[in-house]
Amino acid sequence: MTTDVLAPAAAEAAEGTGPLADAQAQLSAAVAALGYETGLHRLLARPRREMTVSIPLRRDDGSVEVLTGHRVQHNFSRGPAKGGLRYSPAVDLDEVRALAMWMTWKCALLDVPYGGAKGGITIDPRNYSRGELERVTRRYTSEILPIIGPERDIPAPDIGTDEQTMAWMMDTYSVSVGYTVPGVVTGKPVSVGGSLGRSSATSQGVVHIALAALAHRGIAPAGATAAVQGFGKVGAGAAQFLAEAGVEVVAVSDQYGAVHRTGGLDVTALQRHVAATGSVVGFGGADPFPAERLLGLDVHLLVPAAVEGVLHAGNAAEVTAEVVVEGANGPTTGAADEILAANGVLVVPDILANAGGVIVSYFEWVQSNQAYWWSAAEVDARLEARMLAAWEKVLAVAAERGLSLREAATVTAVQRVADAHLTRGLYP
Ligand code: NAD
């Protein structure tokens, strides 16, 4: 990759490591495969719009803290920007840029009419009260209000945020414009216009793809084993749906530790334990297990569903799973990708595997904008059909062009975004 096509910050990241370097390297490979010229590469590599805001917060003890938040809109060629909002101490602008770019490709790959965006606040939500989190959310929403809206940019939950966060965002936006605007966010509670099936959509989609990938490798769910890293909105649901499909989920982890049970965990009981204690650690129906050994467990299926960069040059060779399905965004670094490919591990990329959330977010936005609600069965059937159509498309492109699934998914998506851009033309 020549760094001259990139923004200075992106070029810096491309020379180093981290999610933005990985995202830029994936784009460069797709651009090379598609034979695009430098100007088009430059356009696709840079975010269309970025906003960084200060968020003054009065804490419950009366002191004032000032937090930092970002919203990055990577591309709008195919429609309004779309992407999650993350609350984590690890949030920085480069991470948000990478996640926004991946959202552009994800929306294009799944053929939902959106561009890509992402938001984040550098905060550890565990250290703040509910009232403080509400104030942070409302102030952040108010700061980014000029650039969001149902026709501009539609946030959704991600790490550290949930339905309640989206309800506060929707309310803040609505109060500001003077009428209720359910379409400004997705992943909101059903009671304020959320969609049936949205809260489980990402994990449900991960499992549709995981079962298809296992079948592709000739592995039936009954008798298959799995390990899931991360037991939040994506990981816990994925473990649950895998268990319901007959897969033995033998180990799961969260940021505090891991648990293991030969023969499979009782995922429902584990969810109850996590709801009561906040962690998988201490679950009576399993043995404690060193979390760092989870990715190397002898299982058929590995689902990283926590954070970026967990499979890297230092541990990818330990993976013995046949199939890795990326529930998280960016869990596999470029170096790890090469090692996994050399070892014959089938890696299903994030922009395909975890796209169930944005598909049902799209359904939710359509329902919100039309004020016409679908049944859970309709949502589930349309989600499955879209996920499996994208899976077939990526498999076909990979076979046709001799690419990995990640390369095939990125090439397909980048081509759709570039086509939209070229058709619209450059203004002025
Ligand atoms: P979450 O905050 O609900 O859960 C995150 C989980 O990961 C928690 O269990 C946490 O303890 C665990 N975790 C954090 N660091 C860890 C580590 N180093 N090792 C093991 N576990 C760790 O977040 P989420 O919404 O489930 O998101 C998880 C991933 O899925 C993120 O990469 C996110 O971008 C991606 N994703 C989420 C959605 C969605 O709809 N929520 C959609 C697409 C992709």
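Residues numbered from 1 in each chain as written. Predicted model: local features only at pLDDT ≥ 70, side-chain atom pairs only at ≥ 80, totals over all residues. Heavy atoms only, no water.

**Some points on the overall build of the protein**
Stated precisely, the cut-off is as follows: Runs of E in the DSSP output that reach at least two residues are strands. Runs of H or I that reach at least four are helices, and both are numbered from the N terminus. As defined in this context, the radius of gyration uses C-alpha atoms, and a globule is described by 2.2 Å times the residue total to the power 0.38. Burial here depends on accessible area, computed with a 1.4 Å probe over protein chains only, as a share of the maximum for the residue type. Under 20% is buried, over 50% is exposed, and the range in between is partly exposed. It only takes one pair of heavy atoms within 4.5 Å for two residues to be counted as in contact.
Scanning the protein for helices and strands turns up 14 helices and 12 strands. Against the globule reference of 22 Å for 428 residues, the protein gives a C-alpha radius of gyration of 21 Å, in line with a compact fold. Projected onto its principal axes, the C-alpha positions of the protein cover 55 × 55 × 45 Å. Counting all 428 residues of the protein, 58% fall into the buried class. For the protein, contacts bridging at least 24 residues in sequence account for 68% of all contacts bridging at least 6.

**Focus: the nonpolar core**
The condition is simple: We call a set of buried Ala, Val, Leu, Ile, Met, Phe, Trp, Tyr and Cys residues a nonpolar core when their side-chain atoms join them within 4.5 Å. Segmentation of the chain into domains, including their bounds, is taken from an automatic or database domain assignment.
Among the nonpolar cores identified, the biggest contains 89 residues, and W105, L242 and V252 are the most heavily contacted of them. Per-domain counts for this core show at least three residues from each of domain 1 (47-179) and domain 2 (201-353). With residues near it in sequence (within four places) discarded, V252 still touches V228, F231, A239, G257, A258, V259, L265, L270, V280 and L294. Counting 24 residues, the second-largest nonpolar core is a separate cluster that includes Y87, L133, V136 and V185.

**As for the pattern of salt bridges**
Definition in use: By definition, a salt bridge exists where a carboxyl oxygen of Asp or Glu is found within 4 Å of a side-chain nitrogen of Lys or Arg.
With the rule as written, the count across this model stands at 21 salt bridges. In this structure, E322 and R217 form a salt bridge, with 3.3 Å as the shortest nitrogen-oxygen distance. Of the two residues, E322 is situated in the loop between β10 (301-304) and β11 (323-325) and R217 in the loop between α7 (201-216) and β6 (225-229); the sequence distance between them amounts to 105 residues. On the basis of relative accessible area, R217 is assigned to the partly exposed category, the value being 30%. Measuring nitrogen to oxygen at the nearest pair gives 3.8 Å for the salt bridge that ties R406 to D350. With R406 in helix α14 (residues 405-424) and D350 in helix α11 (residues 350-353), the pair connects residues that are 56 residues apart, well separated along the chain. By relative accessible area, which is 3% here, D350 ends up buried. What you see here is one network of salt bridges that share partners, running through R86, E95, K118, D158 and E308.

**Overview of the packing of aromatic side chains**
What counts here: Stacked, edge-to-face and tilted labels apply to pairs of Phe, Tyr and Trp rings (six-membered ring for Trp) whose centres lie within 6.5 Å, assigned for plane angles under 30 degrees, over 60, and everything in between, in that order. Criterion for a charge above a ring: Arg CZ or Lys NZ at most 6 Å from the ring centre, at most 35 degrees from the ring normal.
Within the structure shown, the criterion is met by 5 aromatic pairs. Here the aromatic cluster, defined as three or more aromatic residues joined through ring pairs, consists of Y114, Y362, F363, W365 and W374. Directly above the aromatic system of W374 lies the positively charged group of R382, at a separation of 4.2 Å from the ring centroid.

**Looking at the sheet that holds strand β12 (residues 346-348)**
Put simply, the rule is: Strand pairing is defined by DSSP finding a minimum of two bridges between the two strands. Between N-to-C directions, angles span 0 to 180 degrees; the directions come from axes that are lines fitted to C-alpha atoms, helices contributing only their stretch in contact.
In space, the 7 strands of this open sheet follow the order β9-β8-β7-β6-β10-β11-β12, with mixed pairing throughout. Of all the strands in the sheet, just β9 (287-289) and β12 have a single pairing partner and so form its edges. Between one strand and the next, the sheet's axes are offset by a mean angle of 20°, whatever the strand orientation. Pairing between strand β7 (residues 248-254) and strand β8 (residues 257-260): 4 bridges, direction antiparallel. Bridge pairing links S253 to A258 in β8.

**Some points on the domain arrangement of the protein**
Going by this rule: By buried area we mean how much accessible surface two parts lose on assembly, using a 1.4 Å probe and totalling the loss over both. Residues adjacent in sequence count toward polar contacts only when both atoms are side-chain atoms; beyond that, a polar contact is any pair of N or O atoms within 3.5 Å, and within protein one must be able to donate a hydrogen and the other to accept it. Classification convention: Asp, Glu, Lys, Arg as charged; Ala, Val, Leu, Ile, Met, Phe, Trp, Tyr, Cys, Pro as nonpolar; all other residues, Gly among them, as polar.
Annotation of the protein at the domain level lists domain 1 (47-179) and domain 2 (201-353). Look at where the C-alpha atoms of domain 1 and domain 2 centre, and you get two points 27 Å apart. The partner domain 2 presents 11 residues to the 15 residues of domain 1 that form the contact. Both faces combined, the contact of domain 1 with domain 2 buries some 990 Å², and carbon together with sulfur accounts for 55% of it. Contact with domain 2 buries surface across domain 1, with W102, K106 and R126 losing the most and accounting together for 45% of the total. When the shortest N-O distance is used, the salt bridge between E308 and R86 registers 2.5 Å. For the pair domain 1 and domain 2, the number of links is 6 residue pairs in polar contact (both at pLDDT 80 or more). Here the side of domain 1 that touches domain 2 is built from residues that sort into 7 nonpolar, 2 polar and 6 charged.

**Quick look at the site of the ligand**
Put simply, the rule reads: In this text, near means that some heavy atom of the residue lies within 4 Å of the molecule or strand in question.
Looking at the ligand, there are 23 residues lining it, with D158, T202, K233, V234 and N329 nearest. Here an oxygen atom of the ligand sits 3.0 Å away from a polar atom, N or O, in the main chain of Q255. A distance of 3.4 Å is found between an oxygen atom of the ligand and a backbone nitrogen or oxygen belonging to G327. Of all the secondary-structure elements, those providing two or more residues to the shell around the ligand are α8 (233-244) and β7.

**Some thoughts on the sheet that holds strand β2 (residues 64-75)**
If you trace the 5 strands from one edge of the open sheet to the other, you get β1-β2-β4-β3-β5, paired in mixed fashion. Only two strands of the sheet have a single neighbouring strand rather than two, namely β1 (49-58) and β5 (153-157). Pairwise comparison of adjacent strand axes, ignoring direction, gives a mean angle of 20° for this sheet. Pairing of strand β3 (residues 81-88) with β5 involves 5 bridges; the strand directions are parallel. Following the sheet pairing, K82 is matched in β5 by I154.

**Examining helix α5 (residues 130-144)**
Filter applied, for reference: To estimate the expected span of a helix, count its residues, drop one, and scale the result by 1.5 Å. Arc, as used here, means the arc of the directions from the helix axis to the C-beta atoms.
Compared with the 21 Å implied by 1.5 Å per residue over 15 residues, the 21 Å span of α5 between its first and last C-alpha is a close match. Taken together, the buried positions of α5 are E132, L133, V136, T137, Y140, T141 and I144. In a view along the axis of α5, the buried residues occupy a sector of 165°, so they form one face of it. Summarising the contacts, the buried residues of α5 are in contact with β1, β2, β3, β4 (115-122) and α6 (163-177).

**Some thoughts on the environment of T122**
Topologically, T122 is positioned in strand β4. Separated by 171 residues in sequence, T122 and R293 have C-alpha atoms that sit 29 Å apart. Once you skip the residues sitting within four places of it in the chain, T122 turns out to touch L67, T68, S88, P89 and V91. At 3.0 Å, the side chain of T122 and the backbone oxygen of V91 are in polar contact.

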